[in-house]
Amino acid sequence: MGDVAFDSGSPQSLLDSLATHAQRVLGAGKTMLTLGGDHFVSLPLIRAHAEKFGELALIHFDSHTDSYDEGGPYDHGIMMREVDREGAVDPAHSVQVGIRTEYHRESHRFNVLDAAWCNERGPAEIAGRIKEIVAGRKAYLTLDIDCLDPAYAPGTGTPVIGGLSTDALLKVLRDLVSVEIVGMDLVEVAPPFDHAEITSLAAATLALELLYVLAARRSGGGIGPHTADR
Ligand SMILES: [Mn+2]
């Protein structure tokens, strides 16, 4: 569908343009995989998907919860707080995976599989927990590339050490074929900060894998271990 144009001096114009774009694509019965850019794009995207599909389960891969109280209305750290407040997602059936930065644990409403837990348990357990939490609901999947360790994704705005490997994340995604994912985005890739296109290659491969997962679900099949050369 190409890029979404907006006035770079007006953050609100991004919200408006992307909402209109998403409504048009979803209205045509299509499924979206949106590529960022700033994670803020998820806010209008999740709203548009909830408008069409009702309250969603959120599957959120990130090193940060993006549910912070500080930050103005146009900030890439507030989207999940907003979609929770608005009822676009059900926090009890939503999960944040790979988190390794501080958040208010007492008041936080989303389920969290932190990065240390993920790295100790491995992909099968991570995917198993995600499926338990989503529990058959329609899900929106958002993948912040900084969920990966900076060794696997240095080209991003706010890298945090101790993250997941590309191998682990690929295996988790492949294990989500049974989940009804109604929309997806992959964000926070920043090519100017990249080295040897490590991050771009990871993001492109993960994005392709998300399409395989969607196709496999729709064709009623599974995904084998060697999808990279398909
Ligand atoms: Mn994020």
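Provided above is the structure to which this section pertains.
All values reported here derive from a predicted model rather than from experimental measurement.

*Asks:* Would you explain the coordination of the manganese ion in this entry?
*Replies:* In an ideal octahedron of six donors the angles at the metal are 90 or 180 degrees, and in an ideal tetrahedron of four donors they are 109.5 degrees. With distances of 2.1 to 2.3 Å, the protein atoms coordinating the manganese ion are His-39 (ND1), Asp-62 (OD), Asp-66 (OD) and Asp-144 (OD). Of note, the donors binding the manganese ion are all from one chain and are spaced H-x22-D-x3-D-x77-D. Taken as a pair, Asp-66 in the loop between β2 (57-61) and α3 (79-85) and Asp-144 in strand β5 (residues 139-144) lie far apart in primary sequence, 78 residues in all. Assigned by exposure class, Asp-66 and Asp-144 land together as buried.

*Asks:* Would you mind showing me how to read the packing of aromatic side chains here?
*Replies:* Two numbers describe a pair of aromatic rings. These are the distance of the centres and the angle of the planes. Taken as a whole and judged by the stated rule, the model has one aromatic pair. Look at Phe-40 and Tyr-74: their rings are 6.2 Å apart centre to centre, the planes differ by 80°, and that puts the pair in the edge-to-face class. Within this pair, whereas Phe-40 is found in the loop between β1 (32-35) and α2 (42-53), its partner Tyr-74 is found in the loop between β2 and α3, the two being separated by 34 residues in sequence. On the accessibility criterion, Phe-40 (8% relative accessible area) is buried. Look at Tyr-74 and you get partly exposed, because its relative accessible area is 38%.

*Asks:* What is the right way to read the pairing of β1 from this model?
*Replies:* Successive side chains on a regular strand alternate, one facing one side of the sheet and the next facing the other. Only one face of β1 is covered, namely the face carrying Met-32 and Thr-34; the face carrying Leu-33 and Leu-35 is uncovered. Here β1 pairs with strand β6 (residues 181-187) via four bridges, running parallel. In the sheet register, Leu-33 faces β6, and the bridge partner there is Met-184.

*Asks:* Could you clarify how one ought to interpret the sheet that holds strand β3 (residues 95-99) in this entry?
*Replies:* In a beta sheet, neighbouring strands are held together by backbone hydrogen bonds and run either parallel or antiparallel to one another. The strand order across the open sheet formed by six strands is β1-β6-β5-β2-β3-β4, and the pairing between neighbours is parallel. A single partner strand is all that each edge strand has here, and the edge strands are β1 and β4 (111-114). Strand-to-strand twist across the sheet, computed as the mean angle between neighbouring axes with direction ignored, equals 15°. In this sheet, β4 lies alongside β3 in parallel orientation, the contact comprising four bridges. Bridge pairing in β4 links Ile-99 to Asp-114. Lying over the sheet, helix α7 (residues 198-218) contacts β1, β5 and β6, oriented at roughly 175° with respect to β6.

*Asks:* Would you take a moment to explain helix α6 (residues 166-174) for this structure?
*Replies:* Every α-helical turn comprises 3.6 residues, leaving residues that sit three or four positions apart pointing alike. Within the sequence span of α6, burial applies to Ala-168, Leu-169, Leu-170, Val-172, Leu-173 and Arg-174. On the buried face of α6, the contacting elements are β2, α5 (123-134), β5 and α7.

*Asks:* When you look at the nonpolar core in this model, what are you seeing that I'm missing?
*Replies:* In summary, soluble globular proteins display a tendency toward joint burial of nonpolar side chains. Counting 37 residues, the largest nonpolar core has Ile-59, Phe-61, Ile-130, Leu-141, Leu-173 and Leu-206 as its most contacted members. Those elements that provide at least two residues to this core are β2, β3, α4 (115-121), α5, β5, α6, β6 and α7. It is α7 that contributes the most residues to this core, six residues altogether. In contact with Leu-206, other than residues within four places in its own chain, are Leu-143, Ile-145, Leu-148, Leu-169, Leu-170, Leu-173 and Leu-186. Formed by 26 residues, the second largest nonpolar core is a distinct cluster that contains Ala-48, Met-79, Val-83 and Val-89.

*Asks:* I keep staring at α5 and nothing clicks. Help me out?
*Replies:* Along its 12 residues, α5 runs 16 Å from first to last C-alpha, staying within 8% of the 16 Å computed at 1.5 Å per residue. Those residues of α5 that are buried are in contact with β2, β3, β4, α4, β5 and α6. One or two steps after α5, the chain reaches Ala-135, where phi turns positive at roughly 50°.

*Asks:* Sorry if this is basic, but what is going on with the pattern of salt bridges here?
*Replies:* As a working rule, side chains carrying opposite charge can pair if their charged atoms are close by. As enumerated under the stated definition, the model contains 11 salt bridges in all. Between Asp-84 and Arg-109 there is a salt bridge whose closest N-O contact spans 2.6 Å. Of this pair, Asp-84 sits in helix α3 while Arg-109 sits in the loop between β3 and β4, and the two are 25 residues apart along the sequence. Glu-132 is paired through a salt bridge with Arg-129; the nearest N and O atoms lie 2.6 Å apart. On the criterion of helical spacing, the pair formed by Glu-132 and Arg-129 is a turn pair, its members being three residues apart in helix α5. Among the residues examined, Glu-132 registers a relative accessible area of 54% and is labelled exposed. Connected through salt bridges with shared partners, the residues Arg-81, Glu-82 and Arg-85 form a single ionic network.

About the thresholds
Residues numbered from 1 in each chain as written. Predicted model: local features only at pLDDT ≥ 70, side-chain atom pairs only at ≥ 80, totals over all residues. Heavy atoms only, no water. Donors = N, O, S within 2.8 Å, 3.2 Å for Na, K, Ca; no water. Helix = DSSP H or I, 4+ residues; strand = E, 2+ residues; numbered from the N terminus. Buried < 20%, exposed > 50% of the residue type's maximum accessible area, 1.4 Å probe, protein only. Phe/Tyr/Trp six-rings, centres within 6.5 Å; stacked < 30°, edge-to-face > 60°. Pairing = 2+ DSSP bridges. Axes fitted to C-alpha atoms, helices over the stretch in contact; angles between N-to-C directions. Contact = heavy atoms within 4.5 Å. Core = buried A, V, L, I, M, F, W, Y, C linked by side-chain atoms within 4.5 Å. Expected span 1.5 Å × (residues − 1). Salt bridge = Lys/Arg side-chain N within 4 Å of Asp/Glu carboxyl O.

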